[in-house]
Amino acid sequence: MSRRFGVNQHEEVRKDYIIKSFTACLLPRIDHNGYLITRVVEENDSFAVRKSPLQIMQDSLFYYGSGLDDATKATKRTLGNINMAPVRVHNNIYWFPIYSKEREHNIWISANHGDLYQAKDRRKTNLYIGKRHIITLNLGQRAYGSKLHKARTLEKIHNQRFQEIDKQTPIEAEPQIIAEDQQLYYHHVQFGEKTNKEKTEKHKITLLSTNDGKQMYTLS
């Protein structure tokens, strides 16, 4: 059954909220006292938070070790100087704004929960969150799809980069000292496993005779 949001003066309003993987939307609303708060929509729930959508987004980014400006700059370095850029909140959690990020009344959508949508008419789009929520946005389907696509593209590029980081050179099972560094204030020894590349290297031993009749070996 779909759930439509109304103003409820007796509804409990939370003080704080941090975005989670199951958070789907941050919707601005005005409470009965005229203050801007947020309707947080999760997969199976919704509730009010006594902060603006912008404040919740900023608090969440700080909580996970980033900031809105830094997250936006990082996106633009990847996707180019685009307007209303999506942001990576944490790990595989990506969000995008419907309007300008600086607007307190902005709507934020999770790309992880924004795939199920269809046009209501030429200027409005219905967004379906799970089986409990329908959100009608004053935004055409094509414009909405473009915003979602940018967020998904950012996620795809990041996943490719993370996979490159995880790639390792094949190694043998026998550990050994692979590096050692003696300095004035510390001595560092690194243990590891011999790589296949190191295994295939061959050394040539050459016997040399000096002028005084002594013999010496050189390793090359």
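Rules of the game
- Residues numbered from 1 in each chain as written.
- Predicted model: local features only at pLDDT ≥ 70, side-chain atom pairs only at ≥ 80, totals over all residues.
- Heavy atoms only, no water.
- Pairing = 2+ DSSP bridges.
- Helix = DSSP H or I, 4+ residues; strand = E, 2+ residues; numbered from the N terminus.
- Axes fitted to C-alpha atoms, helices over the stretch in contact; angles between N-to-C directions.
- Buried < 20%, exposed > 50% of the residue type's maximum accessible area, 1.4 Å probe, protein only.
- Contact = heavy atoms within 4.5 Å.
- Expected span 1.5 Å × (residues − 1).
- Arc of directions from axis to C-beta.

**Student:** So what exactly am I meant to see when it comes to the sheet that holds strand β9 (residues 124-129) here?
**Tutor:** Backbone hydrogen bonds are what pair the strands of a sheet, in a parallel or an antiparallel way. Across the sheet, which stays open at both edges, the 3 strands sit in the order β8-β9-β10 with antiparallel pairing between neighbours. Since the sheet does not close on itself, it has two edges, and those belong to β8 (117-121) and β10 (133-137), each with one partner. The sheet shows a mean angle of 30° between the axes of neighbouring strands, direction not considered.

**Student:** I keep staring at unusual backbone geometry and nothing clicks. Help me out?
**Tutor:** Trans peptide bonds make up most of the peptide bonds, and negative phi angles are found at most residues other than glycine. Backbone geometry at M84 places phi at a positive 50°, although glycine is not the residue there. Mapped onto the elements, M84 comes out in the loop between α2 (68-79) and β5 (87-90). Here M84 falls in the partly exposed class, since its relative accessible area comes to 33%. Positive phi is not limited to glycine here, since N91 has a value of about 45°. As for its placement among the helices and strands, N91 is situated in the loop between β5 and β6 (93-97).

**Student:** In this structure, what is going on with the pairing of strand β2 (residues 23-30)? I would like to understand it.
**Tutor:** Walk down a regular strand and you will see the side chains alternate between the two sheet faces. Most of β2 is tucked away: 6 of the 8 residues are buried. The sheet contact formed by β2 and strand β3 (residues 36-42) spans 7 bridges and is antiparallel. The residue bridging R29 from the neighbouring strand is I37, located in β3. Counting the residues between successive antiparallel strands, the hairpin from β2 to β3 contains 5 residues, one of them, G34, with a positive phi of roughly 90°. As paired elements, β2 and strand β7 (residues 108-110) share 2 bridges and run antiparallel to each other. Looking across to β7, one finds that C25 is bridged to I109.

**Student:** When you look at the environment of L68 in this model, what are you seeing that I'm missing?
**Tutor:** By secondary structure assignment, the location of L68 is in helix α2. A residue is classified by how much of its surface remains accessible, and L68, at 11% relative accessible area, is buried. Along the chain, L68 and K101 lie 33 residues apart, while their C-alpha atoms are 8.8 Å from each other. Sequence-distant contacts of L68, defined by excluding residues within four places in its chain, comprise L54, M57, Q58, L61, V87, K101 and W108.

**Student:** In this structure, what is going on with α2? I would like to understand it.
**Tutor:** The α-helix advances 3.6 residues per turn, and as a result positions three or four apart in sequence lie on the same side. The first and last C-alpha atoms of α2 sit 16 Å apart over 12 residues, in line with the 16 Å expected at 1.5 Å per residue. Among the residues making up α2, those that are buried are L68, A71, T72, T75 and T78. Burial along α2 is one-sided: seen end-on, the buried residues are contained in an arc of 125°. Along α2, the residues that are exposed and aim more than 90 degrees away from the buried face are D69, D70, K73 and R77. Count one or two residues on from α2 and you reach G80, which has phi positive near 100°.

Geometry only, nothing functional implied.
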